[in-house]
Amino acid sequence: MIKFLPLVWKNLGRNKTRSVLTGAAIALAIVLVCMLRTLPAGLDYFLDQIAKNNRISVHNKAGIVYSMPYSYLQKVRTVPGVVEATSWTWFGGAFEEEKGVTFPNFAVNPETIGIVYEDLEIEPQALADFQRYRDAALVGGQTLKQYGWKVGDLVTLRSTVFPIELTVRIVGTLGNERDPRLWLQREYMTQALEAVGVQFDQIGTVWARVDDPARVNEVMRRIDEMFRNSEAETASETERSFFANFFTNLEGFVTIILIVTGLVALCIVFIAANTASMSVRERVGEIAVLKALGFRWRLLFALLVVEAALLSTVAGAAGVLLTAGLSKAISSAAGWNPQLGPLGAFIATGAILVQGLFLALFIGILSGVVPAWGASRRSVAATLREVF
Amino acid sequence: MPLPLSYSVRSLFARRLRTGLTVSVIALVVVATTLFLGLITSLRRTLVSTGDERNLIVMRKGSSNDGSSQLSLQALQDIRFFDGVARDAADDPMISPELIVQPFFWRKDGGRENVLVRGVEPAPALAVHEDVKIVEGRMFRPSSGEAVVGTGVAGRYRGAQLGEELEFGRGRWQVVGVLASGGSSFESEVWVDARELGNDAKRTLPYSSFRLRMAGGTDADALARRIGADPRHALEAQPETDYYAEQAESANTLYVLVVGLALLAGVGAVFGATNTLYAAVQARTAEIGTLRAIGFSRGSILLSFLAESLLTAGLGFLLGGSLAWLLGVAVSAALGGVGFGAATFTTSVVQLRVGPSDLLAALLLALVIGLVGGLAPARRAAGLRPVEALRKG
């Protein structure tokens, strides 16, 4: 079989325009399929990143925008099994006033946040500074890059929730280069509120680390029971479930993306099948001659299928390479999109690329089989009579 | 003399499989583009069609949406009697104080979403939001635990049908009516009594925004400036239409995405179409030679092949366009609207509708595919020398 590969290659080169056009069409379609798949994959990637199953969120049962008394934080900390807990309150700070909130920012408890978010591996020095300076802030890599900020910079955020604006000093990086968040000290915010006559003793969510993943359910049940029939009943859930729920309203959009991806994949099948049928049709005479010379139909069939598969795979590989470059370019150009959320990360994971390659191979084989079968099984006499 | 169009049509049907495959490729590109484009124009339409140009929205200065703004009763009292605020038949100012809260709602399939609940006073709200109509049941009565739901909400969430009991916030609400607003985003909302909602959410300040109707002939900018300049409260006013247009801007990134997709898919389809037509030219070389020999000009051969390519594209569009339209209907029937708005804390339920403008864009794409895809092969056909072409055949 291997010794026939040069023949297959030669055959592909017979009509160069056609091979190049088909290859380019397949490559483009593979790029499309892969790029579309990065959208839902972005969500999975995001959820996998925070797959910590021993961190839980406690929030008001009625909704995330419903607050809870600040005292809840202390109560959660006393629950057996809770290592440490911290609170998050949406500050809704806008850096560029006309654009609104361009990255999520929260007021947190600096004393405990390092323990609750041990897995973020915030630099000890940054964490110490965050605790020491009242106006300190930790900023995610994505936001740092987006605005070209660096440690030591002063940034003024005007809250869209509270009647204040705060100037924070960046003391360190938070999370990885895809993290858009900004954390500032809760104390800094409440003092500024007091200065304008607002007593603020509410929190948005409590995040707690549980000592043993096996105890998570028990701890969550205990917390929710503690606050039953209180002024603010709570709902606890794991971090992953919290974010999965947060983005459930994207499901419909994801369905449509998947439909469109399927359509584009089908498109490649048709383009490749068209080419395969054209090249086989032009060669019926030649195939008949080869058979008359004694070549087995099985070999001829295999050669035609390999030809289609080879073209498709080479094109698929080009498409995959293009995807890798394109997704990098887009993901560094595109910021945090409020409509797309984590769908807009455009990360072409290894799995997507490998699947794209296999899709191309599979389509090549599929498109080659039918015409090749027809051509290789035709009777020699019939064909030759027709041709000559 | 041009070749008759029927020559191109017949040529298409001479190679059914090949034509069929090319038509299918263009059809699929049309379906994919139309479906995506339809979704995003639906999203934009929903947001942009909301709001009345005669209305101003008043929020706290610096708030980018009314969900994050908080206003006091005093502020309402202070701006109610400003000049330029329209009066109703009873000479009361037409101003609707509103409170926005986004509690959890549970979808019928179990998913959890934040839904915008608007606390209003029935009479001024319906007077100021003229396009909002109660299409089933009746408006809620204040202080009686009643709610009216938008058409997009009614089918999507548990307990949100007319006559059912809806659970959100801390309480239970009786659904007594369904509101519609001609496809705008109010249809993704639930309306209840503002005071009841404030109590339920334990809000310290009673309102999020005021919507006011301007009296005829009022200069919107001047009134907005006057409200903004009031030293007692940090307020900001803007025309309602501007406010919703800003909300719709976030859809622009999606547009870029779809245009990129359509271009890529279109280029792929161009390659496919070019291939098919090259093969047609090759197979019909002798025929073309004959046509040239009996006196048809290069131009008419070129036009005839272009016509063939455009016909293929047209067929692809017809097939793809109708398929996309059907799919749009099927998808919105199956999903009951597509949810949008990941980080804005509210879900806009968008009814996917493939509209005429989406189809027109897809038709243009298909024709460009046909034209560009046909150009090179058609030129090759026109460039054939009759004697050589005849000998080859």
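About the criteria used
Residues numbered from 1 in each chain as written. Chains lettered and ligands numbered in written order. Predicted model: local features only at pLDDT ≥ 70, side-chain atom pairs only at ≥ 80, totals over all residues. Helix = DSSP H or I, 4+ residues; strand = E, 2+ residues; numbered from the N terminus. Rg over C-alpha atoms; globule rule 2.2 N^0.38 Å. Buried ≥ 20, exposed ≤ 12 C-beta atoms within 10 Å, placed from the backbone. Contact = placed C-beta atoms within 7 Å. Nonpolar A, V, L, I, M, F, W, Y, C, P; charged D, E, K, R; others polar. Domains from an automatic or database assignment. Axes fitted to C-alpha atoms, helices over the stretch in contact; angles between N-to-C directions. Parallel < 35°, antiparallel > 145°, perpendicular 65-115°, else oblique. Pairing = 2+ DSSP bridges.

*Asks:* With reference to specific residues and values, describe the overall build of chain B.
*Replies:* A count of helical and extended segments in chain B gives 13 helices and 14 strands. For chain B, whose C-alpha radius of gyration is 29 Å, the value lies well above the compact-globule estimate of 21 Å for 393 residues. Structurally, chain B occupies a C-alpha span of about 95 × 45 × 35 Å along its principal axes. Per-residue burial over chain B gives 53% buried out of 393 residues.

*Asks:* For the interface of chain B and chain A, give the residues involved together with the corresponding values.
*Replies:* Between chain B and chain A, the residue contacts involve 58 residues of the former and 52 residues of the latter. When contributions to the side of chain B that touches chain A are tallied by element, the ones reaching two or more residues are helix H2 (16–48), strand E4 (112–114), helix H9 (252–283), helix H11 (298–335) and strand E13 (338–340) of chain B. A total of 14 residues in the side of chain B that touches chain A trace back to one element, the largest contributor, which is H9(B). A per-class count over the side of chain B that touches chain A returns 32 nonpolar, 21 polar and five charged.

*Asks:* Any chance you could break down the domain arrangement of chain A for me, citing the residues and the numbers?
*Replies:* When the domains of chain A are assigned, the result is domain 1 (2–48 + 250–387) and domain 2 (62–232). A separation of 49 Å is found between the C-alpha centroids of domain 1 of chain A and domain 2 of chain A.

*Asks:* I'd like to hear about the packing of H2(B) against H9(B), residue by residue, with values.
*Replies:* All names here are of chain B. For the pair H2 and H9, the least separation of the axes is 10 Å and the interaxial angle reads 170°. Overall, the two elements H2 and H9 adopt an arrangement that is roughly antiparallel. Of the residues in H9, those touching H2 at Arg18, Thr22, Val25, Ile26, Val29, Ala32, Thr33, Phe36, Leu37 and Ile40 are Leu254, Tyr255, Val258, Leu261, Ala262, Ala265, Gly266, Ala269, Gly272, Ala273, Thr276 and Ala279. Tallied by class, residues from the contact of H2 with H9 come to 16 nonpolar, five polar and one charged.

*Asks:* Residue-level account of the sheet that holds strand E9 (residues 182–185) of chain A, with values.
*Replies:* Residue and element names in this part refer to chain A. Reading across from one edge, E4-E7-E8-E6-E9-E5-E3-E11-E1-E12 is the order of the ten strands in this open sheet, with mixed pairing throughout. Only two strands of the sheet have a single partner each, and these edge strands are strand E4 (93–94) and strand E12 (234–238). Pairing analysis gives two bridges linking E4 to strand E7 (residues 154–159), with the strands arranged antiparallel. Opposite Gly93, over in E7, you have Ser159 as the bridge partner. Across the sheet, helix H8 (residues 216–226) lies against strand E1 (55–60), strand E3 (82–90), strand E11 (205–210) and E12, angled at about 170° from E12, the strand it touches most. Relative to E12, helix H9 (residues 239–246) is tilted by about 105°, and along the sheet it contacts E1 and E12.

*Asks:* Explain the environment of B:Ile79 to me, using residue names and the numbers behind them.
*Replies:* Looking at where B:Ile79 falls in the secondary structure, it is placed in helix H3 (residues 73–80). Not counting residues up to four positions away in its chain, the partners in contact with B:Ile79 are B:Val58, B:Ile227 and B:Asp230.

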